[in-house]
Structure formats: structure tokens, C-alpha cells
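Close look at the chain arrangement
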Amino acid sequence: MNMKFNKCIILPCLMLILGMQAIGQTKKSKEISHLQKRGEATQLIVDGKPFLILGGELHNSSTSSLSYMQPILPYLSSIHLNTTLAAISWDLSEPKEGQYDFTLVDGLLKQARQNNMRLILLWFGSWKNGLSHYVPDWVKSDYKRFPRVKLADGNATETISPFCTEAKNLDAKAFAALMKHLYQNDAERTVIMVQVENEVGVIGASRDHSIAANNEFLKQVPESFLAYIKKNESQLQPELKSKWNENGSLNSGTWSQVFGNGYRTDEIFMAYQYATYIDAVAAAGKAEYDLPMFVNAWIVQPEDHMPGNYPSGGPQSINHDIYRMAAPHINILSPDIYLPDFKDIAQLYAHDWNPLFIPESFSDSIGVASAFYTVGFHKGIGYSPFGIDGIRGKQISGGDKLSKGYKVLSEMMPKITEAQSAGTITAVYLKEDKPEQTIVLGDYKIDVALRKTRGEKSKLKMGYAIIINTSKNEYILAGEGLQFTFSPITPGPKTAGFASVYEGSFSNGQWVEGRKLNGDNIMLNYILADEAAQNKTGSVARFESDDPEVLKVQLYRFE
């Protein structure tokens, strides 16, 4: 045998095989998810395309057992979720100091991929809902090494103090280990975002009264914080600006000197501390794997009269300026909304610098309406009801309604994200106490109302819709329980009629035509003299089903 000849053949073959393996690995490692400004919207880019999170957050303890999770993700995928929000806790990730175990993470990744599901991981590190239930046992038991938040009366709570530097460093180290593990073991980019901590803040007092906190409170406000306030004074949230102005707009001083005395000053003090702590954790994680990161806020409830009733120092809307300054590694500030005034609360978090994402909210009809409103009116990146695994066990309501709503949004995702970028989309969300609204989109004024029959008031309690202007005289309407009348606002004939109203759906981004609606399906008022006096025709486009549906409207003008 000629060994020299064989080597000449074998070595190039081996190099070819290794090269092909390297190419395969490169192809398998997909683009990292990221936020990108595209036209009029900041969008989440996944696999190179804009992505809407049609999500659901699991109960807090669900991901502590892979066997418990086994039937969950297949069911969630079947009801049209594309993303699951899942808790990963510090205690299960680092059961012994310095020894990391990400078995649960790997199991979740596998289950998600098997069900074509994306993941958003929620890092329950030092705090969850203001408390420290998810820190490792070796942290819980060593209260001298890891001191706790103390109340005004000196009594200790179970909460790790945000002034504990060692806890911050170890939390950051564990989070960095998690992110490094993801970077090395999630080449398919199953995880698209990460939440850092959960609903942070002091509960039971307006600030921490531990020794370290008291000492810090007596020190000078950091120069960088005051420089930020002075530089951005004209754009500050009113609450922070007024506290600074009413005490002389000082450029230096202690917390009390700069912001005065009282619980609001305490909250500003705590917000700065929590934000800097969280930023240190986020920065350590991003150094390993630069995924988008967000924090979530426990919304102030009607019965909450002061910080401490709700977690003091969290990313509530009045603290946004503080988090923007002190936590630059956090990309999004998100509200957890469980109150009926969804639109008002969402408005507080929707800014040019803060794409709207709702990580916790309702799952029923209200939830579907909120999801449509989030991505339509605010050009948001997604929506997620809490306790989503409870839908399968019927512990929470709305599974069927959510499934149908998410199906429509999923089918329309390319059309919605395109319209977000172009600025040709809006949304309405009406209730029985405000059954009508007029909007302007494109060349038309659109009168929107809860659906009704001729000569009667609407009997519906709510209705919602996404409205997309797809061309000069064409609109896509998606939602439930509403009716629409169009009036021109540009020069030309003053009356608009329906050239056609089609029901249908989208498949792979393409319109699939259903029935053409006409006659009784569009006629509302036969008193044409009254209608003509208002440059109207008496006809409307309307959602007739009690489930989410899609209409395509083509208009023409006459006089």
C-alpha cells in the first residue's frame, strides 16, 4: 500500500469535512435578536425580520420541573403563542456558591425548539415582586454577609438590601454565567429577550433603613445624576422635575437637600439604587451575550397611597428618568397591567425611546383587545398574559378567545410590522362608557363605534380593532365588535362609498379573500336624507362575528 498516496487523499478529505462542519455550524448559529429603529417604530428583529411577541408568561414555579413543563409548550403552541416567558431562578442555577447548574435551561431550550416556540427568560435573581424568595439558600441563611432591607422601625424584612455590594456582585456573576451558557448553547437563538429581576422595590416602607442605606442617604447625590437632570430638564418627567425645582434646582447636595424630605424623596433615592444595581447585573450579562433586556414594573394600585404600599424604587412611570440615567444597559421599561385603564397605563410607558412591551396582563377578551391595541396604536413589540399555563388547566379564562386573537395577529404579522414602520397603522379600543371615537388615517376620517343594528343602541360592552391604510383608498380592519364609516378629508368629492368590503384572512403574508359583504351586511340607516346631509351613505363596514375577524375595505368617492 502506498501510504504517501493515501495521505495525499486523506488529508484534503479531512480538511474538506472539517470545513463543511464549520460552514454547517456557521449556518446553524442565527442572527442575534435585537431592537432596531425602522421608520416610525422600534421593532424586535428575530431571524433578520421584525417580530411580534404573541406571548404568555408561565406561573412562577412552573419551570422548576421539566416534567411539569412537558405538556405545556405543545398546548401553548397549538393556541398560536409564538413566545413563552419563563422564570430562571438564581437558587436553582447556583445551588452551591460558585457551582452553576443550567440543566433546567437546557431542558427548556429543547422543549421550546420541539414546539417551534421562542423563549423570553425572566431572571429571578435578588428580587421577585420586591422580595428575595429566589436567592440561593446560602444567601438566605447568611444575613450578616447579605444584609436585609430594614423598615423605619428597624425591623428586618426577607428582602436583600440593594445596598449590599456582595449580593450585587454575586447576582451579576450568576447572571453572566447564565448568559454565557446561552451564548454557547443556543445557536438557534431560541431566547430572544431577557428580563432582569422582577418588580423590584421596597415593600413596607418608602425606603430601606438599613445601616448602609442610612449612610448612603446622608451622602451627596451623585454628580452624574444631577448633571443628567440639568442637561435634560426640559424633557424630564414632571414628578422628578418638580421635586428638583421646588428645592432650588441645586447642582449638589444630599438627597434631602436636593429633593427635600418625604416619601417621594425616599422613592427617588431607592429608584437610583435599584437602577444602578440592576444595571450592574445587566451589564455583566450583556458582556457575555448582548440580547435585549428589560425590567418590569408593579403598577401603582388604587389602594396604594404611597411608595412602600407598592414597591418603592421600581421602574414605575414616575421613575423612568432615573432608570434611563442609571440603568443604560436596560433596553425596555415594561408595565405589568392588571387594571381596567389599560390604555392610560400603556401610554405612560410608550415613548420614542421605549418600545412598548407588556409582559404581564389579562388573557381573556380584554387581553386580546389590549394585545391589538399595543401593537396597533403604540406600534409595540408584543403582549403577554400572566399564568398562561393555567389556560390549559382552566385556572384562568380566555384561552379560546386568546387563541383566536393570536391567530389573527400571527397571520397578519408581516402586514402589521410593515405598517408600524411606515406609520400607516393605528388601533381603537372602545368600551360601553365611550362607545364612539373618530380617528384620521390616510386620506380619510374614520368614525368608529361599537357595533349596533338599525335603530338601536349597541348592546356590546367592548370592541377593538387594528386599522391599516394599505393604499390610497384601501384599508385592512382586524378586530371585533366595531363598525366603521369613512369620510374624505382631502380635496375632491365629499362623500365616500364602499366599492367593496371583503372578509378574509392572511396566509404567509398574503390576503386570502372570503365573502364579499353587501346589502344588509353593510347597510345601517335608510334615512338617506339625514345621511346625505352629513356626506354619508348610511352604510358601514362592520365586524359581524363575536370573534376576531379581518376585513378589506375598498373606497370610492362621489358627489
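Keep in mind that this is a model prediction, so the values were computed, not measured. (Residues numbered from 1 in each chain as written. Predicted model: local features only at pLDDT ≥ 70, side-chain atom pairs only at ≥ 80, totals over all residues. Heavy atoms only, no water.)

Here we look at unusual backbone geometry
Of note, the phi angle at Asp47 is positive, near 55°, even though the residue is not glycine. Its location among the elements puts Asp47 in the loop between strand E2 (41-46) and strand E3 (49-51). Since its relative accessible area comes to 31%, Asp47 is described here as partly exposed. Positive phi outside glycine occurs at Asn508, with the angle close to 55°. Note on placement: Asn508 falls in the loop between strand E20 (495-507) and strand E21 (510-516). When its relative accessible area of 77% is taken as the criterion, Asn508 is described as exposed. (Helix = DSSP H or I, 4+ residues; strand = E, 2+ residues; numbered from the N terminus. Buried < 20%, exposed > 50% of the residue type's maximum accessible area, 1.4 Å probe, protein only.)

What to know about the sheet that holds strand E1 (residues 34-38)
Strand order in the open sheet made by the three strands is E1-E2-E3, with antiparallel pairing throughout. Bordering the open sheet on either side are E1 and E3, each of which pairs with just one other strand. Going from strand to strand, the sheet's axes swing by 60° on average, the running direction of each strand aside. One ladder, built from three bridges, connects E2 with E3; its direction is antiparallel. (Pairing = 2+ DSSP bridges. Axes fitted to C-alpha atoms, helices over the stretch in contact; angles between N-to-C directions.)

Some remarks on the pattern of salt bridges
In this structure the tally under the stated criterion is 21 salt bridges. Of the charged contacts in the structure, one is a salt bridge between Asp547 and Lys404, with a shortest N-O distance of 2.9 Å. Here Asp547 is found in the loop between strand E22 (541-542) and strand E23 (549-558), whereas its partner Lys404 is found in helix H17 (residues 399-422), with 143 residues between them in sequence. Using a relative accessible area of 31% as the deciding quantity, one classes Lys404 as partly exposed. When salt bridges that share partners are traced, they join Asp400, Lys401, Lys404, Glu480 and Asp547 into one network. (Salt bridge = Lys/Arg side-chain N within 4 Å of Asp/Glu carboxyl O.)

Things to note about the packing of helix H7 (residues 165-185) against helix H12 (residues 263-288)
As a packed pair, H7 and H12 sit with axes 7 Å apart at the nearest point and diverge in direction by 30°. Judged on the interaxial angle alone, H12 and H7 are roughly parallel. Between H7 and H12 lies a crossing whose hand is right-handed. Contacts between H7 and H12 involve Ala167, Lys168, Asp171, Ala172, Phe175, Ala176, Met179, Lys180 and Tyr183 on the former and, on the latter, Tyr277, Ala280, Val281, Ala282, Ala284, Gly285 and Glu288. (Parallel < 35°, antiparallel > 145°, perpendicular 65-115°, else oblique. Left-handed = near helix turned anticlockwise from the far one by under 90°. Contact = heavy atoms within 4.5 Å.)

Here's the deal with the confidence of the model for the chain
Taken residue by residue, the chain gives an average pLDDT of 94. The fraction at 70 or more is 94%. pLDDT under 50 marks residues 1-5. Its contacts with residues more than four places away, or in other chains, come to one contact. Predicted confidence is poor over residues 7-27, with pLDDT under 50, and the contacts of this stretch with residues over four places away or in other chains come to one contact. (pLDDT = per-residue confidence, 0-100.)

A short note on the pairing of strand E15 (residues 436-441)
Inspection of the sheet shows E15 paired to strand E16 (residues 444-450) by six bridges, in the antiparallel sense. Residue pairing for E16: Val440 is matched across the bridge by Lys445. If you look at the hairpin formed by E15 and E16, you'll find two residues sitting between the two strands, and Gly442 has a positive phi there, around 70°.

Points about the sheet that holds E15
Taking strand neighbours across the sheet as the criterion, the four strands line up as E15-E16-E19-E22 in an open arrangement whose pairing is antiparallel. Looking at the sheet topology across the chains shown, the edges are occupied by E15 and E22.

Topic: the pairing of strand E4 (residues 53-57)
Extensive coverage of E4 is indicated by the burial of five of its five residues. By the alternation rule, side chains of E4 split into Ile53, Gly55 and Glu57 and Leu54 and Gly56, which are all buried. Strand direction decides the pairing type here: E4 and strand E5 (residues 83-89), joined by three bridges, are parallel. Among the inter-strand pairings, Glu57 is bridged to a residue of E5, identified as Leu85.

Quick word on the packing of aromatic side chains
The geometry of an aromatic ring pair comes down to the distance between the two centres and the angle between the two planes. Within the structure shown, the criterion is met by 29 aromatic pairs. With centroids separated by 5.7 Å and ring planes inclined at 45°, the aromatic side chains of Trp123 and Phe175 adopt a geometry described as tilted. With Trp123 in strand E6 (residues 118-128) and Phe175 in helix H7, the pair connects residues that are 52 residues apart, well separated along the chain. Exposure remark for Trp123: the relative accessible area of 0% places this residue in the buried category. Among the residues examined, Phe175 registers a relative accessible area of 0% and is labelled buried. Centroid distance Phe294 to Phe357: 5.3 Å. Interplanar angle 85°. Geometry classified as edge-to-face. Within this pair, whereas Phe294 is found in strand E10 (residues 293-298), its partner Phe357 is found in strand E12 (residues 357-358), the two being separated by 63 residues in sequence. For Phe294, a relative accessible area of 0% corresponds to the buried category. Ring-pair connections join several aromatic residues into one group, and the members of that group are Phe163, Phe217, Phe225, Trp255, Phe259, Phe269 and Tyr272. Its guanidinium or amino end placed over the ring of Phe217, Arg207 lies 4.3 Å from that ring's centre, counting from NZ or CZ. The ring centre of Trp353 lies 4.1 Å from the NZ or CZ of Arg324, which sits over that ring. (Phe/Tyr/Trp six-rings, centres within 6.5 Å; stacked < 30°, edge-to-face > 60°. Lys NZ or Arg CZ within 6 Å of the ring centre and 35° of its normal.)

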